[in-house]
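Listed here are the chains, written in short residue letters.
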Amino acid sequence: MTTYPRPYQIALIPGDGVGREVVPAAQRILEATGIAFAFTELDAGWDCFQRTGTALPAETVNALRGCDGAIFGAVSSPSHKVPGYSSPIVALRKELDLYANLRPIVSAPVTDSRPGIDILIARENTECLYVKRERLEDNGNTAIAERVITREASTRIARMAFESARQKAKGKRQKGLVTIVHKANVLSVSDGLFREAALAVAQEFPDVGVEEQLVDSMLYRMIREPKRYDVVVAPNLYGDLLSDAAAALVGGLGLAPSANVGDTFVLVEPVHGSAPDIAGQGIANPIATILAAALLLRHLSEEDAAQRIENAVEHVLRHGPRTPDLSGTATTEDVTAAVIQEI
Ligand code: GGG
């Protein structure tokens, strides 16, 4: 048996709603790989806010700094302003400088998935409208939100996108392609800066193809011809919208993982939210979080274990069991047990 010098320290932040069902599922999958892990469960989210008065306790952030990586579940922030509340996942991405949100969109063996799709959406993760500089003026009749785009953040997400395209193209006959998404024809200053910074990075990667596309036509074309895209890089809000829409092309949000990546840390999560309509029923699809756990392992250079998890998921998607979002009747537990069986 292989021995490991020290277990990986992994933080688990279930958060709200179905996050509490899918994160324990992913923990069991990691344990099933045979690699040594030490898990620490940490608090954050709307429920945490209601209990403690803060959505992201300082102990959570401090504990994360001592870990090798983390799995986040989901959070249900209210859609109205609540004094003292702020989204913990948006704060965590900024606090830990997890500047890239990498969202693989890959065809799955389910009827709802279109074939031949293999896109990586690289979403800038720290700025744009998510700086949340909002204010009311004009006696509350005008709402203003500042949108921040910096050359530094645009350059580093673009570099991550081009590096990823280079890696994805390894061993293939075609060179990689990065599509830079913006709306610089209207937002010529902010999106203009994103575009300029990304095109400058493209010069460093002569082996990778580059194109640019306005975000509205990008959405249209991605739905019409998804197979033509390889790596897509976008400012925060566009990346958020594009990646949720893209998930619908490959079986839905129940299968879509993401990795929040910085230079020294990774926090993975399902793309989906807390799904309050099904929370507590034990029927949430755990696969997005299980695939997120595979992304975490890949980031820790545990490629073999990551691949074993992905193969096991592929097998379960082909042969069942499936949760109701995939027209099945299985529970979270059924799917988790079936993936463990295949690992
Ligand atoms: N796992 C991703 C997730 O929870 N998505 C929902 C989301 O990002 N919500 C933002 C928020 O509620 O604060």
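Below, the structure is looked at part by part.

The rules behind each value
Residues numbered from 1 in each chain as written. Predicted model: local features only at pLDDT ≥ 70, side-chain atom pairs only at ≥ 80, totals over all residues. Heavy atoms only, no water. Helix = DSSP H or I, 4+ residues; strand = E, 2+ residues; numbered from the N terminus. Rg over C-alpha atoms; globule rule 2.2 N^0.38 Å. Buried < 20%, exposed > 50% of the residue type's maximum accessible area, 1.4 Å probe, protein only. Contact = heavy atoms within 4.5 Å. Areas by Shrake-Rupley, 256 points an atom, 1.4 Å probe, with all protein chains shown as cover. Pairing = 2+ DSSP bridges. Right-handed = clockwise from strand over helix to strand, strands pointing away. Axes fitted to C-alpha atoms, helices over the stretch in contact; angles between N-to-C directions.

When helices and strands are tallied, the chain shows eleven helices and twelve strands. Scaling as 2.2 N^0.38, a compact globule of 343 residues should have a C-alpha radius of gyration of about 20 Å, and the chain matches this with 20 Å. Projecting the C-alpha coordinates of the chain onto the three principal axes gives extents of approximately 55 × 55 × 45 Å. The burial tally for the chain puts 53% of its 343 residues in the buried class. At a minimum sequence separation of 6, the contacts of the chain that also span at least 24 residues come to 73%. Here the chain displays about 15,500 Å² of accessible surface, and carbon together with sulfur accounts for 51% of that area.

This part takes up the pairing of strand β2 (residues 37–41). Sheet topology note: the strand β1 (residues 8–15)/β2 ladder contains five bridges and is parallel. From the neighbouring strand, A11 faces β2, where its bridge partner is T40. The parallel pair β1 and β2, bridged by helix α1 (residues 19–32), forms a crossover whose chirality is right-handed.

Picture the strands of a sheet paired through backbone hydrogen bonds; they go either parallel or antiparallel. The strand order β2-β1-β3-β12-β11-β4-β5-β10-β8-β9 describes an open sheet built from ten strands, whose pairing is mixed. Single-partner strands in this sheet number two, and they are β2 and β9 (209–214). The sheet shows a mean angle of 25 degrees between the axes of neighbouring strands, direction not considered. Bridge count between strand β11 (residues 257–261) and strand β12 (residues 266–270): five bridges; the pairing is antiparallel. What sits directly across from A259, in β12, is V268. Packed onto the sheet, helix α8 (residues 236–247) meets β4 (100–106), β5 (118–124), β8 (177–182) and β10 (231–234) and runs at close to 155 degrees relative to β5.

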